[in-house]
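Geometric and topological summary
Single-letter residue listing:
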Amino acid sequence: MSRAHYGRIESGNVEKLTLLETNRIAAILGLNPSVRLYPAGAPIRDAGHADRLQRFIAPIAKPMKCRLEVPLPVIEGRPELRAWDVVIFGEGQRTAIELEMRLRDVQAVIRRIDLKRRDDPTEHFLLLIADTRTNRLVLAEYAGLFVDWPRLKPSAVRRALEAGQHPGTGIVLV
């Protein structure tokens, strides 16, 4: 690759950069290139996430109510951008819900949730995890990291929601 071409790449004056060129530049800089692909089509990339949440909250019965994307309370002097995926309200209590479609970094998930629970404590908490082979393997391998959250049976959680009750705290495969 010529110095002139590299200069054009570096200054952003090249419309197309091939993977070969990317690999060559990365090798020179001592980097490993990484490429991510995203699905085309629907503009909402987390449509599967939204669908799974909708199916989970569908059986919620009165006196319970729920809201999606509930922002955490603002702490003075700091903007708050975090939100619970769902919060169930009723009987003077709240159940915060987070849904993980794919467990990649278990420790990061736990830290993120612990910080949310610290900044917005709720009486109950559910970690919904998509019921996939990979997620089940991760849960089995790192079970010791989830000791604070017992595994709840999906049928028991569903019965509680249908009865208008908070389902408790724990992990549910959905």
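Residues numbered from 1 in each chain as written. Predicted model: local features only at pLDDT ≥ 70, side-chain atom pairs only at ≥ 80, totals over all residues. Heavy atoms only, no water.

1. Looking at the pairing of strand β4 (residues 124–129)
For clarity, the cut-off: Burial classes: relative accessible area under 20% of the type maximum marks a residue as buried, over 50% as exposed, and values in between as partly exposed (1.4 Å probe, protein chains only). In this description a helix means any DSSP run of H or I spanning at least four residues, a strand means any run of E spanning at least two, and both kinds are numbered starting from the N terminus. DSSP-based pairing: two strands are paired if at least 2 bridges between them are found. Convention used here: a crossover is right-handed provided that the path from the first strand, over the helix, to the second strand proceeds clockwise when the strands point away from the viewer.
Within β4, six of the six residues are buried, leaving the element largely enclosed by the surrounding structure. Residues His124, Leu126 and Leu128 line one face of β4 and the alternating positions Phe125, Leu127 and Ile129 line the opposite face, and both faces are buried. By the bridge criterion, six bridges tie strand β3 (residues 93–100) to β4 in an arrangement that is parallel. In the sheet register, Ile97 faces β4, and the bridge partner there is Leu126. Considered for its hand, the β-α-β crossover made up of β3, helix α4 (residues 106–119) and β4 is right-handed.

2. Focus on the pattern of salt bridges
The following threshold applies: Every case where a carboxyl oxygen of Asp or Glu lies within 4 Å of a side-chain nitrogen of Lys or Arg is listed as a salt bridge.
Applying the stated criterion across every chain, the model contains ten salt bridges. Arg94 serves as the salt-bridge partner of Asp120, at 2.7 Å between the closest nitrogen and oxygen. On the criterion of sequence distance, the pair formed by Asp120 in the loop between α4 and β4 and Arg94 in strand β3 is long-range, its members being 26 residues apart. For Arg112, the salt bridge is made with Glu98, and the minimal N-O distance between the two is 3.2 Å.

3. Comments concerning the sheet that holds β4
The condition is simple: Where helices are involved, their axes are fitted lines through C-alpha atoms of the stretch in contact, as for all axes, and angles between N-to-C directions lie from 0 to 180°.
Reading across from one edge, β1-β2-β3-β4-β5 is the order of the five strands in this open sheet, with mixed pairing throughout. If you trace the sheet from one side to the other, it starts and ends with β1 (65–71) and β5 (170–173), each paired once. Neighbour-to-neighbour, the strand axes of the sheet open up by a mean angle of 30 degrees, direction not taken into account. Two strands pair when backbone bridges link them, and strand β2 (residues 83–90) and β3 are joined in this way by five bridges, in the antiparallel orientation.

4. What to know about helix α6 (residues 154–162)
Note the threshold: Directions drawn from the helix axis to the C-beta atoms are what define this arc. Whether two residues are in contact is decided by their heavy atoms: any pair within 4.5 Å suffices.
Buried within α6 we find Val157, Ala160 and Leu161. For α6, the angular spread of the buried residues around the axis is 100 degrees, confining them to a single face. Among the structural elements, α3 (47–57), β2, β4 and β5 are those in contact with the buried residues of α6. Of the residues trailing α6, Gly164 is marked for its positive phi of about 75 degrees.

5. Thoughts on the environment of Asn13
This is how the line gets drawn: Polar contact criterion, stated in full: a pair of N or O atoms within 3.5 Å, where within protein one must be able to donate a hydrogen and the other to accept it, and residues adjacent in sequence count only if both atoms are side-chain atoms.
With respect to the helices, strands and loops of the structure, Asn13 is situated in the loop between α1 (3–10) and α2 (19–29). Only 2.9 Å separates the side chain of Asn13 from the side chain of Ser11, close enough to count as a polar contact.

6. Focus: the side chain of Asp119
Inspection of the secondary structure assignment puts Asp119 in helix α4. Under the relative-accessibility criterion, Asp119 is labelled buried at 13%. Setting aside chain neighbours within four positions, we find Asp119 in contact with Leu72, Pro73, Ile75, Arg78 and Arg82.

7. Quick word on a nonpolar patch on the surface
Under the convention used in this document: For patch building, the residue pool is restricted to those with more than 30% relative accessible area and no salt bridge; the joining distance is 9 Å between like charges and 5 Å between nonpolar side chains (Val, Leu, Ile, Met, Phe, Trp, Tyr). The protein chains shown are the only cover counted for residues, whose accessible areas, like all others here, come from Shrake-Rupley with a 1.4 Å probe.
Taken together, the side chains of Ile28, Leu29 and Leu31 make up a nonpolar region of the molecular surface, amounting to roughly 350 Å² of accessible area. Note on placement: Ile28 falls in helix α2.

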